[in-house]
Amino acid sequence: MADHDVAVLGVGMHPWGKWGRNFVEYGIVAARSALEDAGLEWRDIQFVSGADTIRNGYPGYVSGATFAQALGWQGAPVASSYAACASGATALNAARAQILGGLCDVALVVGADTTPKGFLAPTAGERGDDPDWLRFRLLGATNPTYFALYARRRMELFGATPADFAKVKVKNAAHGLANPNARYRKAVTEDEVMASPVVAEPLRLLDICATSDGAAAVVVSSLEYAQRRGANDPVRVAAISTVTPSYPNAVIEMPDFATDSAAAVPAGPVTFRDAIAQRAYAEAGLGPDDLDVAEVYDLSTALELDWYENIGLCGPGEAEKLVHDGATTIGGRIPVNPSGGLACFGEAVPAQALAQVCEIAWQLRGEAGERQVEGAKVGLTVNQGLFGHGSSVILAR
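Residues take numbers from 1 onward in each chain, read along the sequence in its written order. This being a predicted model, a pLDDT of at least 70 is required before a residue's local features are given, and a value of 80 or more before pairs of side-chain atoms are given or counted; all residues contribute to the totals for chains, interfaces and linings. In computing side-chain values, all of the structure's heavy atoms are included and hydrogens and water are not.

The next point concerns the sheet that holds strand S8 (residues 235–241). Following DSSP output, two strands are said to pair if at least two bridges run between them. Numbering goes from the N terminus for both helices and strands, where a helix is a DSSP run of H or I of at least four residues and a strand is a run of E of at least two. The sheet built from nine strands is open, its strands ordered S3-S2-S4-S7-S1-S8-S11-S10-S9 with mixed pairing. Of all the strands in the sheet, the pair left with one neighbour each is strand S3 (78–81) and strand S9 (293–295). Averaged over neighbouring strand pairs, the angle between their axes works out to 25° when direction is ignored. Sheet analysis places strand S2 (residues 48–51) next to S3, joined by four bridges and oriented parallel. Each residue of the ladder has a partner; that of Gly-50, found in S3, is Ser-80. An axis is simply a line fitted to the C-alpha atoms; with a helix, the fit covers only the stretch in contact. Between two such axes, the angle follows the N-to-C directions and lies from 0 to 180 degrees.

In structure tokens, the structure reads:
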């Protein structure tokens, strides 16, 4: 137990789907569920940290205040964070900082989203100096285009095949069957994955996550506050990593369509994605061998394989073997995405990093039901946000 640990007193979610309602509704359901899980009243909360959404008008840009107002003004300070898909971890880190700085004892973190039909697109307007706008308007490079480029890289470097990618979807779909919060709860076969329509070659429809509505919330507190509330052995946040890339970043990342040049300054030994988990391990004083379970950012089946290597579960080019051997399936050596992952949820941008934390918390508390990873004591989440936002949280008990 480190002096920067905080307790996870409660977690809650609104089920993922395509509900077509205001994102605030979802956030309030998740927040109230987390409060109930923590055994607290809304008036007990001393700080509110919101993860922003940019597709839902001005309330989405000031989500901390939006959720506080919807729950009923009670005077708590608020903060609102946007870091694309890493927004949830950034908001959680803001709450942790308030607690560790002695500015509050207990905080509520909430992220929720309502997404449009189809793949995510840039916000409206003409912005010729915005790389995200440019990649759509100049290249027509939607998110699945980047996912396919990453998949192609993996095939070129390591000999991965579409059949390898399909196995990831099959695994995650099986895990998601037992998750009441998942949007897609249907088993699939490798043949069904490989027969689904091509979206961005070599990736097919069932290789790529959807966009969804949903919400997740977490109540965190100081360890002393948790003990006063009778929580003597809570799940703890042992580390949060929100690193950015180091120069030169020689591996292309969304939304850029060029890398830094490594001609004058050689690229460092650690890539951006490797650095995300490495920073979390260093803070927690742990390593990959200490993990019992992980939730990774499977925007596509191929990207899940990349993450296995990025978080140190195996060496470069060895991820396919983990899937083939069943190592990342529940009951295997290191289960990955027991929740079903984005394959079963889809993207609800500000909520997904918090949803990962919810899943790991349930796993470490032994409350994951049919998807329980037996004996789980340490879990890691990892994802990344557009424009170089790292996101990794280590939970321990």
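We now examine a nonpolar patch on the surface. Distance thresholds for patches are 9 Å for like charges and 5 Å for nonpolar side chains (Val, Leu, Ile, Met, Phe, Trp, Tyr), applied to residues having over 30% relative accessible area and no salt bridge. Note on areas: Shrake-Rupley, 1.4 Å probe, and residue coverage restricted to the protein chains presented here. Throughout this description, the term salt bridge denotes a Lys or Arg side-chain nitrogen within 4 Å of a carboxyl oxygen of Asp or Glu. A surface patch of nonpolar side chains, amounting to about 240 Å² of accessible area, comprises Phe-119, Val-199 and Leu-205. Its place among the elements puts Phe-119 in the loop between strand S4 (106–113) and helix H5 (131–137). What makes Phe-119 partly exposed here is its relative accessible area of 37%. Remark: exposure states derive from per-residue accessible area (1.4 Å probe, protein chains only) relative to the maximum for the residue type, with buried under 20%, exposed over 50%, and partly exposed in between.

Moving on, we come to the packing of aromatic side chains. Stacked, tilted and edge-to-face pairs are distinguished by plane angle, under 30 degrees for stacked and over 60 for edge-to-face with tilted covering the rest, among Phe, Tyr and Trp rings (Trp via its six-membered ring) whose centres lie within 6.5 Å. Applying the stated rule across the entire model yields three aromatic pairs. Seen in terms of ring centroids, Trp-16 and Phe-345 are 5.2 Å apart; in terms of plane orientation they differ by 80°. Their pairing is edge-to-face. In this pair, Trp-16 sits in strand S1 (residues 6–17) while Phe-345 sits in helix H13 (residues 341–345), placing the two residues 329 residues apart along the sequence. Side by side, Trp-16 and Phe-345 carry an identical accessibility label, which is buried. We call a charge positioned above a ring when the Lys NZ or Arg CZ atom is no farther than 6 Å from the ring centre and deviates by at most 35 degrees from the ring normal. A cation over an aromatic ring shows up here: Arg-273 above the ring of Trp-307, its NZ or CZ 5.7 Å from the ring centre.

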